[in-house]
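# Overview (structure and organization)
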Amino acid sequence: MTTTTEQPDAHPDPEQEALHDRISADSLTTRRDYLRIVATVSGGLAVGGVAVAAGVLHRHGDGTADPKKIADRIERGQSLAFRYPGEDDRAVAIRMADGTLVGYSAICTHLACAVLWRAERGSEGELYCPCHEGVFDARTGDVTAGPPPRGLPKVVLVERQDGSVWAIGTARSGESPQEGLCRQLLGSRPEVAGQLGCPGARAEGATTEGGRRV
Ligand code: FES
């Protein structure tokens, strides 16, 4: 495993900045910390790799979970084992060589063995299940070899400006992080889903005043 201290540059897109400001506005929320964390999803995606999340879902259902800090920082080339959304749900976070941050369930979709990160395999490393030699693409979670019937569920990760990394939701195999996050927010926090522009959500109380960085 290689580790560097280099961090990607941030060049926020004006549209994403405006969205960020709307979401961060104090007047919007009774769950302010949660909103501030969610706000970094859009900001992170806008700057390409700073806080890119991949995420998937709780293996046994669609239950939502509160945001959880998993690390003060994850450097390029590093991986981290953690539990999310429940204490029995093994997961892995990986900072790719280009700075992209991805998170997956570490429970194999074949017969539920533990999936391991192998940084030295291929050009970008791979996620490997030793039970029956299942292999998953590190960037997408898709199956690339072996018997697993579907890709790994993802854990949606975001990085705050202080470098800390948080798990904020899950997404199913084949779902994008945004789709997974929106699906869960529509059910549990529809006002946040509206502020994020999730399809099917009603935007409530959007404002451009008072926005600020997390
Ligand atoms: Fe992972 Fe069979 S349990 S490949």
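Scroll up a little and you will see the structure.
What comes next concerns the included structure. Note that the structure is predicted; figures quoted are calculated from it, not measured. (Residues numbered from 1 in each chain as written. Predicted model: local features only at pLDDT ≥ 70, side-chain atom pairs only at ≥ 80, totals over all residues. Heavy atoms only, no water.)

To continue, consider the overall build of the protein chain. Of the regular secondary structure elements, the protein chain holds four helices and ten strands. In sequence order, the secondary structure elements of the protein chain are arranged as α-α-β-β-β-β-β-β-β-β-β-β-α-α. The proportion of buried residues among the 214 residues of the protein chain is 49%. Here the contacts in the protein chain between residues at least 6 apart in sequence split such that 54% fall between residues at least 24 apart. Entry remark: accessible area of the protein chain is about 9,900 Å², with carbon and sulfur atoms responsible for 47%. (Helix = DSSP H or I, 4+ residues; strand = E, 2+ residues; numbered from the N terminus. Buried < 20%, exposed > 50% of the residue type's maximum accessible area, 1.4 Å probe, protein only. Contact = heavy atoms within 4.5 Å. Areas by Shrake-Rupley, 256 points an atom, 1.4 Å probe, with all protein chains shown as cover.)

Tallying each qualifying case throughout the model produces two disulfides. At a sulfur-sulfur separation of 1.9 Å, the disulfide partner of C113 is C131. Judged by the sign of its S-S torsion, about -95 degrees, the bond between C113 and C131 is left-handed. In this pair, C113 sits in the loop between β4 (101-105) and β5 (116-118) while C131 sits in the loop between β6 (126-129) and β7 (134-137), placing the two residues 18 residues apart along the sequence. Judged by its relative accessible area of 19%, C113 is buried. Of the residues examined, C131 reaches a relative accessible area of 39% and is grouped as partly exposed. There is a disulfide in this structure between C182 and C198, and the S-S distance comes to 2.0 Å. (Disulfide = S-S within 2.5 Å.)

With that out of the way, let us pick up helix α3 (residues 177-188). The first and last C-alpha atoms of α3 sit 16 Å apart over twelve residues, in line with the 16 Å expected at 1.5 Å per residue. Listing the buried residues of α3 in full gives P177, G180, L181, C182, Q184 and L185. (Expected span 1.5 Å × (residues − 1).)

Further remarks concern the pairing of β6. Residues of β6 alternate between two faces, with E126 and Y128 on one and L127 and C129 on the opposite face, all of them buried. One ladder, built from three bridges, connects β5 with β6; its direction is antiparallel. Paired with R118 across the strands is E126, a residue of β6. As paired strands, β6 and β7 are joined by four bridges and run antiparallel to one another. Across the sheet, the residue bridging to E126 is D137, located in β7. (Pairing = 2+ DSSP bridges.)

Before going further, it helps to spend a moment on the environment of T109. Turning to its location among the elements, T109 is positioned in the loop between β4 and β5. Separated by 43 residues in sequence, T109 and L152 place their C-alpha atoms 6.5 Å apart. When sequence neighbours within four positions are dropped, the list of residues in contact with T109 reads F136, P148, P149, R150, G151, L152 and P153. Side-chain polar atoms of T109 contact the backbone oxygen of R150, separated by 2.6 Å. (Polar contact = N/O pair within 3.5 Å; in protein donor to acceptor, adjacent residues only side chain to side chain.)

Counting buried positions along strand β9 (residues 154-159) yields six of six residues, so the element is predominantly enclosed. The alternating pattern of β9 places K154, V156 and V158 on one face and V155, L157 and E159 on the opposite face, and all of these are buried. With six bridges connecting them, β9 and strand β10 (residues 165-171) associate as antiparallel partners. Opposite V155, over in β10, you have T170 as the bridge partner. Connecting β9 to the antiparallel partner β10 that follows it, the hairpin turn spans five residues, and G163 within it adopts a positive phi of roughly 95 degrees.

Strands sit in the order β5-β6-β7-β8 across an open sheet of four strands; the sheet is antiparallel. Whereas interior strands pair on both sides, the edge strands pair on one side only; in this sheet they are β5 and β8 (143-145). On average, each strand axis in the sheet is tilted by 35 degrees relative to the strand beside it, whichever way the strands run. As defined by bridge partners, β7 adjoins β8 across two bridges and the pair is classed as antiparallel. Within β8, the residue paired with F136 across the bridge is V143. (Axes fitted to C-alpha atoms, helices over the stretch in contact; angles between N-to-C directions.)

In short, shape yes, function no, at least from these values alone.
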